[in-house]
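Results of the structural survey
Residues per chain, in single letters:
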Amino acid sequence: MEKNRLEAFSDGVIAIIITIMVLELKVPHEADLAALKPLIPVFFSYVLSFIYLGIYWSNHHHLLQAVRYVNGRVLWANLHLLFWLSLIPFVTGWLGENHLAPLPVALYGVVLLLAAIAYTILTTTLVAHHGKDSTLAIALGRDFKGKISLGIYTVAILISFVNSWAACLLYTLVAIIWLIPDRRIEKTLNS
């Protein structure tokens, strides 16, 4: 099967997820700066989640540039990733509305962790489909950033019940790690 429909569907789902998140932002009824203060945690959670969705969209796009075709397993692995990404608006809203309370912070991390695991499953499925000597397999290599991210998420989830701010800083750290452009696929495709 060609990859075009998978790519278009994924782009559409991610766009809808971002739209849902922005629609959840409630406008204050007062017209002064003091009315914005209670919205700071809501805005922080929105910005962090928007960045995460942007990272997934960008990396998904790069990933599919190294793919020639897909099969049923790839379609299901991609749906698995989209499922976890589709929960981001819910946990984002809960996190922001409850001012970084421990349980919402932990659940936010669980969704991020499961999305990262789903992305890993997708890449593994694509490599298995294209072969260990494929351009994709060579580009992904040992995926250090992916593995370290899973570890940081796990630590953040565990400490969220002790210090929810520290957990949020760890979630932010993972986003920063992934904001640094990952040129593995581009380098491999251009060589």
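The present account deals with the structure reproduced in this document.

What counts as what
- Residues numbered from 1 in each chain as written.
- Predicted model: local features only at pLDDT ≥ 70, side-chain atom pairs only at ≥ 80, totals over all residues.
- Heavy atoms only, no water.
- Helix = DSSP H or I, 4+ residues; strand = E, 2+ residues; numbered from the N terminus.
- Buried < 20%, exposed > 50% of the residue type's maximum accessible area, 1.4 Å probe, protein only.
- Polar contact = N/O pair within 3.5 Å; in protein donor to acceptor, adjacent residues only side chain to side chain.
- Core = buried A, V, L, I, M, F, W, Y, C linked by side-chain atoms within 4.5 Å.
- Contact = heavy atoms within 4.5 Å.
- Phe/Tyr/Trp six-rings, centres within 6.5 Å; stacked < 30°, edge-to-face > 60°.
- Lys NZ or Arg CZ within 6 Å of the ring centre and 35° of its normal.

With that settled, the discussion passes to the environment of Ala101. Locating Ala101 in the fold gives a position in the loop between helix 4 (88-97) and helix 5 (102-130). A relative accessible area of 24% places Ala101 in the partly exposed class.

Mapped onto the elements of the fold, Ser134 is located in the loop between helix 5 and helix 6 (135-140). Judged by relative accessible area, which is 11%, Ser134 ranks as buried. Among the polar contacts listed, one links the side chain of Ser134 to the backbone nitrogen of Ala137, at a separation of 3.2 Å.

Before going further, it helps to examine the nonpolar core. By size, the foremost hydrophobic cluster in this structure holds 52 residues, and its most contacted members are Tyr52, Tyr56, Leu85, Tyr108, Leu136, Tyr153 and Tyr171. For this core, the leading source of residues is helix 5, giving 12 residues. The contacts of Tyr153, once residues within four sequence positions are left out, are Tyr52, Leu112, Leu113, Ala116, Tyr171 and Val174.

Let us now look at the packing of aromatic side chains. A ring pair, where both rings are aromatic, is described by two values, the distance of the centres and the angle of the planes. The full count for this structure, using the stated rule, is 6 aromatic pairs. For the pair Phe90 and Trp94, a centre-to-centre distance of 6.3 Å together with 25 degrees between the ring planes defines the contact as stacked. Of this pair, Phe90 and Trp94 both sit in helix 4, 4 residues apart, which is roughly one turn of that helix. The exposure class of Trp94 is partly exposed, given its relative accessible area of 30%. Ring geometry for Tyr108 and Tyr171: centres 5.7 Å apart, planes at 55 degrees, overall tilted. Taken together, the residues span a long stretch of sequence, with Tyr108 in helix 5 and Tyr171 in helix 8 (residues 164-179) at a distance of 63 residues. Across the pair, Tyr171 and Tyr108 agree in class, each one buried. Looking at Lys145, its charged tip hangs above the ring of Trp178, at a distance of 4.6 Å from the centre.

Take the side chain of Ser49 next. With respect to the helices, strands and loops of the structure, Ser49 is situated in helix 2 (residues 40-65). Under the relative-accessibility criterion, Ser49 is labelled buried at 0%. Here the side chain of Ser49 touches Thr92 through a polar contact of 2.5 Å, side chain to side chain. If near-sequence neighbours (up to four positions away) are discounted, Ser49 is found in contact with Met21, Ile88, Thr92 and Tyr108.

Glycine aside, negative phi is the norm for most residues, and most peptide bonds take the trans geometry. A positive phi is found at His99, a non-glycine position, where the angle reads about 50 degrees. Turning to its location among the elements, His99 is positioned in the loop between helix 4 and helix 5. Look at His99 and you get partly exposed, because its relative accessible area is 47%. In this model, Leu100 sits at a positive phi of 60 degrees, which is unusual for a non-glycine residue. With respect to the element layout, Leu100 can be found in the loop between helix 4 and helix 5. Looking at Leu100, the relative accessible area reads 3%, which means it is buried.

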